[in-house]
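Chain by chain, the residues:
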Amino acid sequence: MSIEQTLADKGITLPAAPMPAANYVPFVQTGNLVFISGQISADENGLITGKLGDGTSVEEGVAAARRCGLALIAQLKAAVGDLDRVTRVVKLTGFVNSTPDFTDQPKVINGCSDLMVEVFQDAGRHSRAAVSAPSLPFGVAVEIEAIFEVR
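Definitions and cut-offs
Residues numbered from 1 in each chain as written. Predicted model: local features only at pLDDT ≥ 70, side-chain atom pairs only at ≥ 80, totals over all residues. Heavy atoms only, no water. Helix = DSSP H or I, 4+ residues; strand = E, 2+ residues; numbered from the N terminus. Buried < 20%, exposed > 50% of the residue type's maximum accessible area, 1.4 Å probe, protein only. Contact = heavy atoms within 4.5 Å. Areas by Shrake-Rupley, 256 points an atom, 1.4 Å probe, with all protein chains shown as cover. Lys, Arg positive; Asp, Glu negative; His and termini not counted. Charge placed at Lys NZ, Arg CZ, Asp CG, Glu CD. Pairing = 2+ DSSP bridges. Expected span 1.5 Å × (residues − 1). Bend = angle between axes of the 7 residues up to and from the residue. Axes fitted to C-alpha atoms, helices over the stretch in contact; angles between N-to-C directions. Patch = residues over 30% accessible without salt bridge, like charges linked within 9 Å, V, L, I, M, F, W, Y side chains within 5 Å. Salt bridge = Lys/Arg side-chain N within 4 Å of Asp/Glu carboxyl O.

1. What about the overall build of the protein chain?
- Within the protein chain, the regular secondary structure consists of three helices and seven strands.
- Walking the protein chain from its N terminus toward its C terminus, one meets helices and strands in the order α-β-β-β-β-α-β-α-β-β.
- Considering only C-alpha atoms, the protein chain reaches an extent of 40 × 35 × 30 Å along its principal axes.
- Per-residue burial over the protein chain gives 39% buried out of 151 residues.
- Considering only contacts in the protein chain between residues 6 or more positions apart, those separated by 24 or more positions represent 81%.
- Put simply, the protein chain shows about 7300 Å² of open surface, and 53% of that area lies on carbon and sulfur atoms.
- Of the side chains in the protein chain, 12 bear a positive and 17 a negative charge, and the two mean positions are spaced by 5 Å.

So this is what it looks like as structure tokens:
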């Protein structure tokens, strides 16, 4: 089954690929690797802001990370055109806007990791880092960057 069909069957609609907020490009392809710049948490209502451990729940963080994942896939589609060219999600690096004593960054970034496996099945299994940040651009709750392998 195609990735587009998987998305449709699961009722997943990709957002428009976000434009860069500064002097960088949204993706770079070198050889068979596509590096997607960090995607910040946003939905149809705008930015998803907040600090985990200070008023933003783990569940809200997970939802924010999933939205980052949707933006990553949208950027990937803009980069390569056909999502069926994806052979592997190589790595995710997730940043969680959190207090110094918050320790559930991995649970938050699972929102994106779980989406990658849901969409790309076994090819969605990846290496990962999930780290805390004292603040993120525009006060967003989560930012995630990714590396994909394509054919």
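Having put the structure on the table, let's press on.
2. Details of the pairing of strand β5 (residues 86-97)
- Pairing analysis gives nine bridges linking β5 to strand β7 (residues 142-150), with the strands arranged antiparallel. Opposite T93, over in β7, you have E145 as the bridge partner.
- Pairing of β5 with strand β6 (residues 127-133) involves seven bridges; the strand directions are parallel. Within β6, the residue paired with K91 across the bridge is S127.

3. With respect to helix α3 (residues 105-120)
- With 16 residues, α3 extends 23 Å from end C-alpha to end C-alpha; this agrees with the ideal 22 Å at 1.5 Å per step.
- G111 marks the point of greatest bend in α3, at about 35°.
- Of all the positions in α3, only Q105, V108, I109, G111, C112, S113, L115, M116, V119 and F120 are classed as buried.
- On its buried face, α3 sits against α1 (3-9), α2 (58-80), β5, β6 and β7.

4. Structural notes on the sheet that holds β5
- Strand order in this open sheet of five strands is β1-β2-β7-β5-β6, and the pairing throughout is mixed. The sheet terminates laterally at β1 (27-30) and β6, the two strands that pair on one side only. The average undirected angle you get between the axes of adjacent strands in this sheet is 15°.
- As paired elements, β1 and strand β2 (residues 33-40) share four bridges and run antiparallel to each other. Paired with Q29 across the bridge in β2 is V34.

5. Focus on a nonpolar patch on the surface
- Residues V25, V28 and F35 make up a contiguous nonpolar surface patch of about 240 Å² in total accessible area.
- Note on placement: F35 falls in strand β2.
- Its relative accessible area of 34% is what places F35 among the partly exposed residues.

These results come straight from atomic positions and should not be treated as a statement about function.
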